[in-house]
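Structural overview
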Amino acid sequence: MSHLFQPFQMGSLTLENRLLVAPMCQYSARDGDAQDWHLMHVGQLAMSGAGALILEATAVSPEGRISPSDLGLYSDSNQHALGRILDSVRQHSDMPITIQLSHAGRKASSRAPWDGGGQIAPDALDGWKSVAPSAVPHAEGEDLPLALDREGMLQVREDFVRAAERAVSVGLQGIEVHMAHGYLLHQFLSPLSNHRTDHYGGSLENRMRFPLEVFDAVRNAVPDHVPVWARVSATDWVPDGWDIDGTIALGKALKARGAAAIHVSSGGVSPLQRIEIGPGYQVPFAARLRAEAGIPTIAVGLITEPEQAEAIIATGDADAVALARGLLYNPRWPWHAAAALGAQVSVPKQYWRSQPAVFKDLFKGARTGQR
């Protein structure tokens, strides 16, 4: 029996296997509204055979977008547009669909990657003033963000709550709070970006305070049956930055607050990062977090082969694995993984006839007939 294709319990949400589709920004929305591109993108990933799909980083406010083309969930129009996509996809897939809620902080007002990804000046077309824990730019020479005061922090927290409520309204089945990749909540965690002198800066406890306040607010705003978890960067890959020890402390605090899991990534807060990239390079962080914080973990990062993913689960390094770019390149990756590992996978009935003759039991429930 494949460990990778055993069920996984995310809070009260049961996934039929331990493969997740990680959030992947598409930079294809209009004023935060999902477009037909999202229908095609989400639709194909919902047929991938993964256990669940986490929608891309979705901004909780206009100023929280990474780029002018980011998906948002801060208006009635955003909610209606995303609801249209989900209604269409659900006609053909019962895969659990969840969402990652995010605020970009000082990394907001950026161009899409295919346009270079650079900062858009606040006074330029499509640009705006970004906010952050402290008036410290992401990179030298960039526009200084506005340091959030308490009123601004309360507004951000409220924006997360409202977005979470909208997510539940359109039937999304789980919420991932984005605390990674150098975005606002990660900026509060890291001493590289948080230079505050109040009780939201300085000590580890203080730097964790606002991200935990946001998590608590989201957890309290949605029904108990909707799992809430966090995406974290385990390390900044910069000396004297956020590190795995801080992440373990954060993991323990999140577990105490009812987090269903922690999705473990790394980096993103500083252009000075020096990442030691290799196959499964972030998996040891997930393993330590699982062992020392006692919380289910989702591993991600250069997990490319079925046997590699199987070993991560079988050895107890993580409870689930998530793929991002690998699924963009091969949206049927879970099908091939199930075939390689002697497991079964759910696919749309319209595709049952594609089952290879050498894998007669690959597709769950497959049956065909014709006159």
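Scroll up to find the structure this text is about.
Here's a quick rundown of the structure. Computed from a predicted structure; not experimentally measured.

In this section: the overall build of the protein chain. If you tally the helices and strands in the protein chain, you get 10 helices and 12 strands. In terms of C-alpha radius of gyration, the protein chain reaches 20 Å, essentially the compact-globule figure of 21 Å for 371 residues. Along the three orthogonal principal directions, the C-alpha set of the protein chain runs to about 70 × 45 × 40 Å. Residues classed as buried in the protein chain amount to 58% of the 371 residues present. Expressed as a percentage of contacts within the protein chain between residues at least 6 apart in sequence, the contacts between residues at least 24 apart total 69%. If you sum the accessible surface of the protein chain, you get close to 15,700 Å²; carbon and sulfur atoms cover 51% of it. Positive and negative side-chain charges in the protein chain, numbering 32 and 39 respectively, have mean positions lying 6 Å apart.

Within the secondary structure, aspartate 70 sits in the loop between strand 4 (52-59) and helix 2 (76-90). No salt bridge is formed by the buried aspartate 70. Its closest oppositely charged neighbour is arginine 65, at 6.8 Å. There is a polar contact of 2.7 Å between the side chain of aspartate 70 and the backbone nitrogen of isoleucine 66. At 2.8 Å, the side chain of aspartate 70 forms a polar contact with the side chain of serine 67. Contacts of aspartate 70, omitting those with residues within four sequence positions, involve Tyr27, Ala29, Gly32 and Arg65.

Time to look at the sheet that holds strand 10 (residues 262-265). Taken together, the 8 strands give a closed barrel; going around it, the order is 3-4-5-8-9-10-11-12, and neighbouring strands pair in parallel fashion. Taken pair by pair, the neighbouring strands of this sheet meet at an average axis angle of 30°, ignoring direction. In the sheet, strand 3 (residues 19-21) pairs with strand 4 via 2 bridges, with the strands oriented parallel. Pairing of valine 21 across the sheet is with leucine 53, part of strand 4. Across the sheet, helix 3 (residues 150-169) is in contact with strand 5 (97-102) and strand 8 (175-179); its angle to strand 5 comes to roughly 165°. Sheet strands touched by helix 6 (residues 244-256): strand 8, strand 9 (228-233) and strand 10. Its angle to strand 9, the strand with the most contacts, is close to 175°.

The next subject is the packing of helix 1 (residues 36-45) against helix 2. Interhelical geometry of helix 1 versus helix 2 gives an angle of 35° and a closest axis separation of 10 Å. Viewed along their axes, helix 1 and helix 2 form a crossing whose handedness is right-handed. Between helix 1 and helix 2, the contacting residues are Asp36, His38, Leu39, Val42 and Gly43 on the first element and Arg84, Ile85, Ser88 and Val89 on the second.

Turning next to the pattern of salt bridges. Considering all chains together, one arrives at 12 salt bridges under this definition. Across the pair lysine 364 and glutamate 16 runs a salt bridge, and its minimum N-O distance is 3.7 Å. Taken together, the residues span a long stretch of sequence, with lysine 364 in the segment after helix 10 (333-341) and glutamate 16 in the loop between strand 2 (13-15) and strand 3 at a distance of 348 residues. For lysine 364, a relative accessible area of 31% gives the class partly exposed.

What counts, and where the lines are drawn
- Residues numbered from 1 in each chain as written.
- Predicted model: local features only at pLDDT ≥ 70, side-chain atom pairs only at ≥ 80, totals over all residues.
- Heavy atoms only, no water.
- Helix = DSSP H or I, 4+ residues; strand = E, 2+ residues; numbered from the N terminus.
- Rg over C-alpha atoms; globule rule 2.2 N^0.38 Å.
- Buried < 20%, exposed > 50% of the residue type's maximum accessible area, 1.4 Å probe, protein only.
- Contact = heavy atoms within 4.5 Å.
- Areas by Shrake-Rupley, 256 points an atom, 1.4 Å probe, with all protein chains shown as cover.
- Lys, Arg positive; Asp, Glu negative; His and termini not counted.
- Charge placed at Lys NZ, Arg CZ, Asp CG, Glu CD.
- Salt bridge = Lys/Arg side-chain N within 4 Å of Asp/Glu carboxyl O.
- Polar contact = N/O pair within 3.5 Å; in protein donor to acceptor, adjacent residues only side chain to side chain.
- Pairing = 2+ DSSP bridges.
- Axes fitted to C-alpha atoms, helices over the stretch in contact; angles between N-to-C directions.
- Left-handed = near helix turned anticlockwise from the far one by under 90°.

Interpretation in functional terms is not warranted from these geometric data alone.
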